[in-house]
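# Architecture at a glance
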Amino acid sequence: MDRRKFIKHTAVATASTTILNFPIYGKNAPSNKVVVAVMGVNSRGSYHARSFSKLPNVEVAYLCDVEDKAIKNGLDAVKDASRKPTIIKDIRELVTKKDFDALLIAAPDHWHAPAALMGVANGKHVYVEKPCSQNPYESEMLIQARDRYGKLIQVGSQRRSFPTLIEAVKEVRGGAIGNPYFAKSWYTNSRKSIGVGKKIAVPSTLDFNLWQGPAPRQDYRDNLVHYNWHWFWNWGTGEACNNGNHEIDCCRWFLGVDFPSKVTSSGGRYAFKDDWQTPDTQVATFEFDNGKAITWEGRSCSSFPIDGSGRGFIIYGDKGTLVNKGGGDYQIFDEKNKLVKEIKPDTVLDPNNTVSATGDLELTHFTNFVETIRENTKLTAPIEEGHKSVLLCHLANIAQRTGSTLHCDTTNGHIKDNKAATQLWKREYEKGWEMKV
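Not measured: the values here are computed from a predicted model.

The strand order across the open sheet built from six strands is 3-2-1-4-5-6, with neighbouring strands paired in parallel fashion. Either end of the sheet is taken by a strand with one partner, and the two such strands are strand 3 (86-87) and strand 6 (153-155). For strand 5 (residues 125-128) and strand 6, the ladder comprises three bridges, and the chain directions are parallel. Looking across to strand 6, one finds that V126 is bridged to I153. Where helix 2 (residues 44-53) meets the sheet, it contacts strand 1 (34-39), strand 2 (58-64), strand 4 (102-105) and strand 5, and its direction lies at approximately 160 degrees from that of strand 2. Against the sheet, helix 10 (residues 363-373) engages strand 1, strand 2, strand 4, strand 5 and strand 6, with an angle of about 170 degrees to strand 5.

Right, let's talk about the domain arrangement of the protein for a bit. Under the domain assignment, the protein is made up of domain 1 (31-159) and domain 2 (162-353 + 383-423). Spacing between the C-alpha centres of domain 1 and domain 2 amounts to 23 Å. Between domain 1 and domain 2, roughly 3,000 Å² of surface is buried when both sides are summed, and carbon and sulfur atoms account for 61% of that area. At the boundary of domain 1 with domain 2, the tally comes to two salt bridges. The closest approach of N and O atoms between E384 and R146, which form a salt bridge, is 2.8 Å. The tally of links between domain 1 and domain 2 comes to 19 residue pairs in polar contact (both at pLDDT 80 or more).

A separate point is the nonpolar core. Across soluble globular proteins, you tend to see nonpolar side chains buried next to one another. Counting residues in each nonpolar core, the largest one holds 91 residues, and the members touching the most others are I91 and L103. It is helix 11 (residues 383-402) that contributes the most residues to this core, nine residues altogether. Within the second largest apolar cluster, 20 residues are counted, among which are V36, V41, V60 and I373.

What follows concerns the pairing of strand 2. Burial analysis of strand 2 places seven of its seven residues in the buried class, which makes it a mostly covered element. Here six bridges tie strand 1 to strand 2, and the two strands are oriented parallel to one another. Its bridge partner lying in strand 2, M39 is registered against C64. Read as a crossover between parallel neighbours, the route from strand 1 over helix 2 to strand 2 is right-handed. Relative to strand 3, strand 2 is paired through two bridges, and the arrangement is parallel. The residue of strand 3 that forms the bridge with L63 is I87.

Calculation criteria
Residues numbered from 1 in each chain as written. Predicted model: local features only at pLDDT ≥ 70, side-chain atom pairs only at ≥ 80, totals over all residues. Heavy atoms only, no water. Pairing = 2+ DSSP bridges. Helix = DSSP H or I, 4+ residues; strand = E, 2+ residues; numbered from the N terminus. Contact = heavy atoms within 4.5 Å. Axes fitted to C-alpha atoms, helices over the stretch in contact; angles between N-to-C directions. Domains from an automatic or database assignment. Buried area = accessible area lost by both parts, 1.4 Å probe. Salt bridge = Lys/Arg side-chain N within 4 Å of Asp/Glu carboxyl O. Polar contact = N/O pair within 3.5 Å; in protein donor to acceptor, adjacent residues only side chain to side chain. Core = buried A, V, L, I, M, F, W, Y, C linked by side-chain atoms within 4.5 Å. Buried < 20%, exposed > 50% of the residue type's maximum accessible area, 1.4 Å probe, protein only. Right-handed = clockwise from strand over helix to strand, strands pointing away.

Pasting the structure below:
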């Protein structure tokens, strides 16, 4: 019996044997309390800690990070919470603790799937930020782990919980723009050069061995931690998985498509000559068997907007068009391009914000996760949907890295007849850190 079921069983038993007026039932009952731990609290994870600590009957019991400044950021984020969390630096130790329900993961990309697997294998529900995997095979493994261990895995595709976008999908499915057949998405930023890093001694405040964890060991350099790891293939996944994941996911959601038949990508590291390995400029196209397609344009180092926005997506139908500019907003135009409906932006968007570009709108997604743990609803972004969307991003990167057009099995997205591309379906792990379901 897990911790929450034990508490619920005990609460019911106590209610039957006491005459005290104790608030056993309702959303604040002890049996409904959700206790969480957060892994990776330098930036995004500190936002997790602060946000979840403010949700009704939710406690942050543990913070997990390998760097002292990050730990301070996490503690500062929950300084006003009723409970002061315990610090545990090693995720392998944290997941063995029996007194929390869910693990929230906002560590670097190479940690997302391994930590999620550790979580569910130790009886924890998991909220894992995008991308839910560092390569396609890892998110397939998470689906297997979810099925084996019977725990929830929610992916940080927050837009799937925005009430206005849920309504917009219903409108599109109901014929508001006719047959939706093509989607365009984009992300722009003005990132600067990361320079050429120098190999230096690891700072005393950082456990770099544990930071690398499952990734094959490389030397520490002075342009890697905290953010620039995104642009190195050993740890990161590039802008496609970092930010493109959100809008690509929305395009797939609105079009109602799953696995592609064909994927192409063009671009490269154009803006600067430095250590940055992933593309800073990328245009990817995904074709599907049912006569539908998606494109994504990423410009990490050129912030000139598209349709007045630094990020967003457009759904084209044979009787109209839907436009989103990055948040919970949308516009619907008829086939003559006349505006017929507009939902105004409900928050000021900042595509350059690495903590939370959509502000408190994300609380709807966090709440969905907690309420699903309480068995009051269903996940809006379960791992099988997260896998399908991040797979498109991974395939774009694989097409880019191999310089080839990918032809895929439309039942599972696997690459066909391309040995070089298929080799990138998985990754090599540091010895002793291999993922196993």
